[in-house]
Amino acid sequence: MVSEELRQKFLKFFEQRGHKIVASSSLLPADPSVLFTTAGMQQFSLYLSGKKDPIADFGSRHLVSCQKCFRTGDIEEIGDDTHHTFFEMLGNWSIGEDDKGYFKEGAIKYALEFLVDELKMDKSRFTITIFKGENNIAKDDEAAQIWLKNGIPAERIKEFGKEDNFWGPVSAVGPCGPSSEIHYDRGEEFGCGNEGCGPSCEFCKRFVEIWNLVFMQYYKNEKGEYELLPQTNIDTGIGFERLAALLQGKKSAYETDIFLAIIEKIEQTSGKNYEQNKKIFRIIADHARSSAFLLSEGVKPSNLGQGYILRRILRRVMRYGKLIDLKTGFLVPLMDLVIDKYESVYPPLKENKSIIKAGAEEEEQKFEKTLRSGLKKIEEMIELKH
Ligand code: GLY
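Residues numbered from 1 in each chain as written. Predicted model: local features only at pLDDT ≥ 70, side-chain atom pairs only at ≥ 80, totals over all residues. Heavy atoms only, no water.

Novice: Give me a nonpolar patch on the surface: which residues, what numbers.
Specialist: A surface patch of nonpolar side chains, amounting to about 280 Å² of accessible area, comprises L375, I378 and I382. Within the secondary structure, I378 sits in helix α13 (residues 353-385). (Patch = residues over 30% accessible without salt bridge, like charges linked within 9 Å, V, L, I, M, F, W, Y side chains within 5 Å. Areas by Shrake-Rupley, 256 points an atom, 1.4 Å probe, with all protein chains shown as cover. Salt bridge = Lys/Arg side-chain N within 4 Å of Asp/Glu carboxyl O. Helix = DSSP H or I, 4+ residues; strand = E, 2+ residues; numbered from the N terminus.)

Novice: Mind laying out the pattern of salt bridges, listing which residues take part and the relevant values?
Specialist: Enumeration according to the criterion identifies 29 salt bridges in this entry. When the shortest N-O distance is used, the salt bridge between D81 and R282 registers 3.0 Å. Of this pair, D81 sits in the loop between β2 (62-70) and β3 (86-95) while R282 sits in helix α9 (residues 278-296); the two residues are 201 residues apart in sequence, bridging distant segments of the chain. Owing to a relative accessible area of 3%, R282 belongs among the buried residues under this scheme. The shortest N-O distance in the salt bridge between E363 and R311 comes to 2.8 Å. One end of the pair, E363, is in helix α13; the other, R311, is in helix α10 (residues 305-323), and 52 residues separate them in sequence. (Buried < 20%, exposed > 50% of the residue type's maximum accessible area, 1.4 Å probe, protein only.)

Novice: For the site of the ligand, give the residues involved together with the corresponding values.
Specialist: In the vicinity of the ligand, the residues found are A39, M41, M89, W167, N212, V214 and D235. Side-chain polar atom of N212 to an oxygen atom of the ligand: 3.0 Å apart, as the coordinates give it. The protein chains hide 95% of the 200 Å² of surface that the ligand would expose on its own. Structurally, the ligand is housed in the largest pocket. Tallied by class, residues from the shell around the ligand come to 5 nonpolar, 1 polar and 1 charged. (Near = heavy atom within 4 Å. Polar contact = N/O pair within 3.5 Å; in protein donor to acceptor, adjacent residues only side chain to side chain. 1 Å grid on protein atoms, 1.4 Å probe; cavity = no way out; pocket = protein on both sides within 12 Å on 5 of 7 lines; lining within 4 Å. Sits in = over half its atoms within 2 Å of the grid points. Nonpolar A, V, L, I, M, F, W, Y, C, P; charged D, E, K, R; others polar.)

Novice: I'd love a proper account of the environment of F58, names of residues and values included.
Specialist: By the element assignment, F58 lies in helix α3 (residues 54-58). In this view, F58 contacts K20, V22, F44, Y47 and L63; residues no more than four positions away in its chain are not counted. (Contact = heavy atoms within 4.5 Å.)

Novice: How would you sum up the pairing of strand β8 (residues 207-220)? Please name residues and give values.
Specialist: One face of the sheet, then the other: side chains in a regular strand alternate in exactly this way. Where burial is concerned, most of β8 is hidden: 12 out of the 14 residues are buried. Pairing between strand β7 (residues 174-185) and β8: 10 bridges, direction antiparallel. By the bridge assignment, Y184 is partnered in β8 with V208. Strand direction decides the pairing type here: β8 and strand β9 (residues 226-239), joined by 9 bridges, are antiparallel. Along β9, the bridge assignment pairs W211 with I238. (Pairing = 2+ DSSP bridges.)

Novice: Which residues make up the layout of surface pockets, and what values do they have?
Specialist: Its volume calculated, the largest pocket comes out at about 1,300 Å³. Around the largest pocket sit 45 residues that line it, and R71, D74, H83, E209 and R242 are the ones nearest its centre. At the level of secondary structure, the elements contributing two or more residues to the lining of the largest pocket comprise β3, α6 (162-165), β6 (166-167), β7, β8, β9 and α7 (240-247). Here the lining of the largest pocket takes 7 residues from β8, the largest share from any one element. The residue makeup of the lining of the largest pocket, split by class, is 18 nonpolar, 16 polar and 11 charged. Taken as a whole, the second largest pocket spans an internal volume of roughly 410 Å³. In terms of lining, the second largest pocket is formed by 22 residues, of which the most central are D31, Q42, Q43, S45 and L46. (Points joined across faces, edges and corners; volume = space filled by probe spheres on them.)

Novice: Run through the pairing of β9, naming residues and quoting values.
Specialist: The pairing of β3 with β9 spans 5 bridges and is antiparallel. The partner of I95 across the bridge, within β9, is N233. Linking β8 back to β9 in an antiparallel pair, the connection comprises 5 residues, with G224 at a positive phi of about 85°.

Novice: Quick rundown of the packing of α9 against helix α11 (residues 331-342)? Include the residues and the values.
Specialist: Between α9 and α11, whose axes approach to 9 Å, the crossing angle comes to 70°. Classed by the angle they form, the pair α9 and α11 counts as roughly perpendicular. Note on element contacts: α11 touches α9 through L331, L334, M335, V338 and Y342, opposite I284, A288, R289, S291, A292, F293 and L295. When grouped by side-chain class, the residues that make up the contact of α9 with α11 number 10 nonpolar, 1 polar and 1 charged. (Axes fitted to C-alpha atoms, helices over the stretch in contact; angles between N-to-C directions. Parallel < 35°, antiparallel > 145°, perpendicular 65-115°, else oblique.)

Novice: An account of the packing of aromatic side chains is requested, with residue identities and associated values reported.
Specialist: Evaluated as defined, the whole model comprises 26 aromatic pairs. With a centroid separation of 5.0 Å and an interplanar angle of 75°, the aromatic rings of F13 and F14 are classed as edge-to-face. Considered together, F13 and F14 belong to a single accessibility category, that of buried residues. Geometrically, the ring pair formed by F166 and Y226 is edge-to-face, given 5.3 Å between the ring centres and 75° between the ring planes. Taken together, the positions of F166 in strand β6 and Y226 in strand β9 put the pair 60 residues apart, joining distant regions of the chain. On the basis of relative accessible area, F166 is assigned to the buried category, the value being 9%. Members of the aromatic cluster, connected to one another through ring pairs, are F10, F13, F14, Y102, Y110, F114 and W211. (Phe/Tyr/Trp six-rings, centres within 6.5 Å; stacked < 30°, edge-to-face > 60°.)

Written out as structure tokens, the structure reads:
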């Protein structure tokens, strides 16, 4: 299933079940306390907190989206099978209960129905995690019971603490709650074989987290206390790239249709092979994609805030390009491929094509100039010593 089909299937599945499709918000959030959009719920934060009415603005309490996200917290991990700076997150929401609302039971049922009935994934490979209770917030026995009732055996339901199974808020304050995650067991051959290997194993990637179901019941306030929200909400997130990789039988999204054309182009231009240079290829592909999106949203490379992050990403991709002998100018053709792949889903990419390409080109030239002047200084220092 190519990625375009998966994205559409998800949105349609929830639309057919009474959800309103909401377009992705910008990568640059309205909330000035965070630099980037890192989760699908961010554009709905005020609705989830009970401060705004979703019916007034969307005509429904039930929403679904495919959200553009950008994170740099794991930048050193990029190059492995599962991390990206830019990624998409699929999510569904039930905001505030009314007579049509759904909470834990509905969210779990929908998740299983989508993965098992719609995508034909093997349910016996799912391992579920639930919140074991911490910080005066009780263990989520209710979620465990619902999973059991829906055919997940007890030995495949694992309990974790706040670090793994309590989600949010995205900034210092905001809505949050205990979560329950669906992990897919890729099989023993992917495992470390250690006793206790399971979801969030620190030694291997046998278990891939595919869906995070957050039961948003709390608001973390300025004092760091968890207050009960005036309403309960469902907030979910699927890492789109991870799910696409699993469905295409690939170890990593870098080997799916999402990145195929970019990886092939890097092979052609560099004359190097992906298999032997996986980490470098993946970093280049990831950073080309994320910087194209940031440039499209109007971020300009600079030494401050969002612009500084973009500059770091662009300079990083250029440094990695040099490691496989890519010549200055290699980035713009990769950005053309990013635009080709995504313009039908995110039309501003097409409208901003010349801005994206000019931004990348200018930064490549600045970087080249910086490198040349740095080299000249080193040469002068060496000469002075002799
Ligand atoms: N808000 C749920 C998630 O990002 O996983």
